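Reading the structure
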Amino acid sequence: MRDAFGGEFMIRLFLVFIVIYVAFAAVSLNYAKAFRIKNKVISFVEENDIVDISEINCEGSLAPLISNNQYTKSCKNGNGIIYNDENKASGYCCNGVIISLKETTNNYNIYTVNTYADWNIGNLNMILTFGGAKQSSSEYVDGTWEISGEAKVKIR
C-alpha cells in the first residue's frame, strides 16, 4: 500500500499544480498592469486639467505614458476621438485606453477611464495530455476584464 502512489503519478500531479500556479501569476500580473495604467491616465487627466475631450492628444505625452509601461492593447478604430450615434464626441481612445466624459456637474467634468486586462489560460490545456487526451481537444479559456476609474477635473 505504501507504493500506491508511484513516482510518475506524483510528478504529473506536481506539474499540474505548477502550471496552474504559473497561469494564475501571469493573469495577476496582467491585471495589475492594467490597474497601473488606469491610475496613471487618471493622474494625467487631472494634472493637465483636461476639460474637453478634444484637448487629449495621443501622439503627445499620453502615448509614451502608456507604451513605457508595456501596455500593448490597441483601439478598435485606431487612436482618436470616438463619436456616438449623434456624431458628437463621446470619448477618446489612445492605445487601448478609453477616456470618456461621464457627466458635468457643479463646474466639474467627470471622466471615465477604461483599461483592459486580457487573460488566456490556454496553457492549462496541457493538463489534458496528462489524462491521455490531445492538447487541442478542448477550446482555450480566455477573456477580457474591463477596469474602470473616474477622473474629476474642475472647469476653470
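Notes on the structure in this doc start here.

Reading the values: the criteria
Residues numbered from 1 in each chain as written. Predicted model: local features only at pLDDT ≥ 70, side-chain atom pairs only at ≥ 80, totals over all residues. Heavy atoms only, no water. Helix = DSSP H or I, 4+ residues; strand = E, 2+ residues; numbered from the N terminus. Buried < 20%, exposed > 50% of the residue type's maximum accessible area, 1.4 Å probe, protein only. Contact = heavy atoms within 4.5 Å. Areas by Shrake-Rupley, 256 points an atom, 1.4 Å probe, with all protein chains shown as cover. Pairing = 2+ DSSP bridges. Polar contact = N/O pair within 3.5 Å; in protein donor to acceptor, adjacent residues only side chain to side chain. Salt bridge = Lys/Arg side-chain N within 4 Å of Asp/Glu carboxyl O.

1. Points about the overall build of the chain
Each helix and strand counted, the chain has three helices and five strands in total. Order of helices (α) and strands (β) in the chain, N terminus to C terminus: α-α-β-β-β-β-α-β. When burial is assessed residue by residue, the chain has 31% of its 156 residues classed as buried. Long-range pairs, those at least 24 residues apart, make up 63% of the contacts in the chain between residues at least 6 apart in sequence. When the accessible surface of the chain is totalled, it reaches about 10300 Å², and 53% of it is carbon and sulfur.

2. So, the pairing of strand E3 (residues 97-105)
Direction of pairing for strand E2 (residues 89-94) relative to E3: antiparallel, over a ladder of four bridges. Residue pairing for E3: Cys94 is matched across the bridge by Val97. As consecutive antiparallel partners, E2 and E3 are separated by two residues, and within that stretch Asn95 has a phi angle of approximately 50°, a positive value.

3. Structural notes on unusual backbone geometry
The residue Asn95 is not glycine, and still its phi comes out positive at about 50°. Along the polypeptide, Asn95 turns up in the loop between E2 and E3. The phi dihedral of Asn106 falls on the positive side, at around 50°, and the residue is not glycine. For Asn106, the position within the fold is in the loop between E3 and strand E4 (108-120).

4. A short note on the side chain of Asn30
As for its position among the elements, Asn30 is in helix H1 (residues 7-47). From its side chain, Asn30 meets the backbone oxygen of Asp118 in a polar contact 2.3 Å long.

5. Some points on the pattern of salt bridges
Evaluated as defined, the whole model comprises three salt bridges. Of the charged contacts, one joins Lys73 and Asp118 as a salt bridge, the two residues approaching to 3.8 Å between their closest N and O atoms. Here Asp118 lies in strand E4 and Lys73 lies in the loop between helix H2 (58-67) and strand E1 (80-83), a separation of 45 residues in the sequence. Salt-bridge contacts for Glu150 lead to Lys102; the nearest nitrogen and oxygen are separated by 2.4 Å. Here Lys102 lies in strand E3 and Glu150 lies in strand E5 (residues 142-154), a separation of 48 residues in the sequence.

6. As for the pairing of E1
Residues in a regular strand project their side chains so that they alternate between the two faces of the sheet. Judged from the four bridges that link them, E1 and E2 form a sheet pairing that is antiparallel. Within E2, the position partnered with Ile82 by the bridge is Gly91. In this antiparallel pair of consecutive strands, E1 and E2, the connection spans five residues, and Asn87 shows a positive phi of 65°.

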